[in-house]
Amino acid sequence: MQNVADNQPLPTPSDRERAAFDDFTPFWDAYNVEAEEYDKELIREWASDLDALLIFAGLFAGVNTAFIIESYKTLQEDQGETNNLLLKNILHRMDNSTFVTQNLQFTDFQASGESVRVNCFFFASLSLSLFAAFGAVLSKQWLSQYEGGSTRAQRPAVKAITRHQKLQGLQRWYLRPIVETLPTLLQLSLFLFLIGLVDFLWQIHKSVAIMVLAISITIFAFYSFTTIVSIAAPTAPFQTRFSSSSREVLNRILHPRHRFADGKDAIPDDPGLRKECHRTHVCGPTTTTWKICMIGMSSSVTFEPSSLVA
């Protein structure tokens, strides 16, 4: 039996193996049906999340920009105040007895530390939200290419192998972590905006700032509670991409994979990690069985290929 690693492309079959692949159409048809169902569900879930992310990112960026328009002015010299000082200086020169007690010296403008801090929070929040939206647009294009590239092949065997190679590339280049990180970036940008908003209002009116601070703490506490519960309890109704990925990482650390007698990794017992079974076995036509463990699926297909032997 020839083992094919997850991150390696499938070997180029010989003419005899290619003919055997094409002759056993029922197997490839079964593979393509199950693979198509899995791919459609995967793309549907990701596309739905990306659409919601784009809508929220657009609305959030508009709100953030409205506050930036007001806050960035504190980083520049107030021209109205400068003009008033110039007028007072002119009046002072015209009549030395006027405004003699006022300091009319011009000083170099320097933004306060509070203004710099508030604008850092606002601009960082805006940058993260735009980056998340940009990543969502790119991800939708990548998924469109993935979905279309594996459906143009006519022969069932070629279609199955092309799809499998694309799925291996999806795993090798960590497309899933990239897509699942985008909502986390948008959530982080929201928390940065709330911190900047509280700091911004604190300099204007502390009572209003305290109210916004209390609401922000409530939102953060609710988000932390639902995330921790969803990580600890897989059956909790608060599941998100971030909590599922975090639970899988913790399970890998706390519960190492069981191993078969031959030293190969077994499929983990945990349902969340079961989807990580990425090992693929492709056996030649002279072996007793064929087995393909498809990425993302806990099931495998086994059959006797005696009819493939010429």
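What you see is a predicted model; the values in this text were computed from it and never measured.

A. Summary view of the overall build of the protein. Within the protein, the regular secondary structure consists of 9 helices and 4 strands. Its helices and strands taken in sequence order, the protein reads β-α-α-α-α-α-α-α-α-α-β-β-β from the N to the C terminus. Split by element, the accessible area of the protein, about 18,800 Å² in all, is 62% carbon and sulfur.

B. Quick peek at the packing of helix α2 (residues 25-71) against helix α6 (residues 175-202). Relative to each other, α2 and α6 sit at 25°, their axes nearing to 11 Å. Between α2 and α6, the angle is such that the two are roughly parallel. Where α2 crosses over α6, the handedness of that crossing is left-handed. Within the contact between the two elements, α2 uses Trp 46, Leu 50, Leu 53, Phe 56, Ala 57, Phe 60, Val 63, Asn 64, Phe 67 and Ser 71 and α6 uses Leu 175, Arg 176, Val 179, Leu 182, Pro 183, Leu 186, Ser 189, Leu 190, Phe 193, Leu 197 and Phe 200. Residue composition of the contact of α2 with α6, by class: 17 nonpolar, 3 polar and 1 charged.

C. Quick look at the pattern of salt bridges. Counted by the stated rule, this structure contains 10 salt bridges. One salt bridge in this structure joins Asp 199 and Arg 117, with 2.5 Å as the shortest N-O distance. Taken as a pair, Asp 199 in helix α6 and Arg 117 in helix α4 (residues 113-149) lie far apart in primary sequence, 82 residues in all. Among the charged side chains, a network of salt bridges with common partners joins Glu 45, Asp 49 and Arg 241.

Thresholds, definitions, all that
Residues numbered from 1 in each chain as written. Predicted model: local features only at pLDDT ≥ 70, side-chain atom pairs only at ≥ 80, totals over all residues. Heavy atoms only, no water. Helix = DSSP H or I, 4+ residues; strand = E, 2+ residues; numbered from the N terminus. Areas by Shrake-Rupley, 256 points an atom, 1.4 Å probe, with all protein chains shown as cover. Axes fitted to C-alpha atoms, helices over the stretch in contact; angles between N-to-C directions. Parallel < 35°, antiparallel > 145°, perpendicular 65-115°, else oblique. Left-handed = near helix turned anticlockwise from the far one by under 90°. Contact = heavy atoms within 4.5 Å. Nonpolar A, V, L, I, M, F, W, Y, C, P; charged D, E, K, R; others polar. Salt bridge = Lys/Arg side-chain N within 4 Å of Asp/Glu carboxyl O.

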